[in-house]
Amino acid sequence: MHPMTPARKAIANQSVPDSDDTTGSTRVAFVVIVIANIALAFGPWFVRMADTGPVAAGFWRIVLAIPFLIGLSVATGARPIRLPPVMWLLLAAGGVAFAADLGAWHLGILRTTLANATLFGNSATLIFPIYGFLIARSWPTRTQGVALFLAFCGAALLMGRSYDLDPKNLAGDLLCILAGILYTVYFIAMARVRVTMAPLPALTVSTIASALPLLGFALLLGERIVPTQWGALIALALCSQVLGQGMMIYALGKLSPLVVGIALLIQPVVAGAVGWIVYDERMGVPDILGIGLVGIALVLVRRGKRPVAQAAYGAHKD
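None of the values given here were measured: they were computed from a predicted structure.

1. Concerning the confidence of the model for the protein chain
Put simply, the protein chain has an average pLDDT of 81, and 83% of its residues get 70 or more. Across the protein chain, element-level confidence peaks in helix α3 (residues 54-75) with a mean pLDDT of 95 and bottoms out in strand β1 (residues 9-12) with 40. Long-range and interchain partners of residues 1-21, a stretch whose pLDDT sits below 50, account for 62 contacts in this model, where long-range means more than four residues apart.

Structure follows, in structure tokens:
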């Protein structure tokens, strides 16, 4: 996976990933992104269970996932090919943005509820669709607009009780909001990469690029790096990075930013359920109403005409 001499190379498929936005492929991609968000929603729980520092847990999430991602990339036919400098820049930017996202998010996870952490950490729910509208120079259909409005209302209900009920959550919420902004930067970089590279090789290279920054963050914070118990970290790597991010990167090449953004709201719903069951972080009536609105938004966003994902990203073959 390292650059090869004399030319710089990276693992990527010889063929350009398919970009035909057929009905069948988008249906599969929608199922994939639902599964991805369910898997990613368990990440905060594993971070709390880890006996390392929170940023160090992010480092192990990355490092433990790399061998699996390399193996899967090779098994699916990925081979080294030449990549233009701009592609390396996008992969590096995506990796660093993801490292900063994980660092801020994992710090916030320990300072707020699981539901809040995943909700604010996925504030790309609104930012990423807006990016897609601006780049594609087209606004959503009426049905998609209603879906986005309902998703916004649902998110507002889910987050509305945070400060009122427990002001000590504010610091954690702010860290998670910062993580959500950085997650959007990661999405933008990887969406452009997906026009040229297949999902697994793209994720593998960007994952490698995020390892050293995370280790540096953890060391600067003076965190405990080496764990005594590996179970939570292995689960974090396999569930969040290999399964969750692997499926998410696949969906980025198939679905519009609007669908991807609204689907991110699945995470706080699932994480809220985990927090309720494991940590007694009880949901109230506003939370349940918010979950209902998110569910309706997910149904509506699947209706009507959907733009081709690559067009929505404004990307092209470099």
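2. Focus: the packing of aromatic side chains
Evaluation of the coordinates by the stated rule reveals eight aromatic pairs. Here the aromatic cluster, defined as three or more aromatic residues joined through ring pairs, consists of F98, Y183, Y186 and F187.

3. Some details on the nonpolar core
Here is a general trend for soluble globular proteins: nonpolar side chains tend to be buried in one another's company. Within the largest apolar cluster, 87 residues are counted, with the highest numbers of intra-cluster contacts made by Y186, F187, M248 and I262. If sequence neighbours within four positions are ignored, Y186 has contacts with G94, A97, F98, L203, S206, Q245 and I249.

4. Digging into the packing of helix α4 (residues 85-109) against helix α9 (residues 169-193)
Following both chains from N to C, one finds α4 and α9 inclined at 160 degrees, their axes separated by 8 Å at the closest point. Relative to α9, the element α4 lies roughly antiparallel. Considering the relative orientation of α4 and α9, their crossing is left-handed. A breakdown of the residues in the contact of α4 with α9 according to their chemical character gives 21 nonpolar, four polar and two charged.

Basis of the calculations
Residues numbered from 1 in each chain as written. Predicted model: local features only at pLDDT ≥ 70, side-chain atom pairs only at ≥ 80, totals over all residues. Heavy atoms only, no water. pLDDT = per-residue confidence, 0-100. Helix = DSSP H or I, 4+ residues; strand = E, 2+ residues; numbered from the N terminus. Contact = heavy atoms within 4.5 Å. Phe/Tyr/Trp six-rings, centres within 6.5 Å; stacked < 30°, edge-to-face > 60°. Core = buried A, V, L, I, M, F, W, Y, C linked by side-chain atoms within 4.5 Å. Buried < 20%, exposed > 50% of the residue type's maximum accessible area, 1.4 Å probe, protein only. Axes fitted to C-alpha atoms, helices over the stretch in contact; angles between N-to-C directions. Parallel < 35°, antiparallel > 145°, perpendicular 65-115°, else oblique. Left-handed = near helix turned anticlockwise from the far one by under 90°. Nonpolar A, V, L, I, M, F, W, Y, C, P; charged D, E, K, R; others polar.

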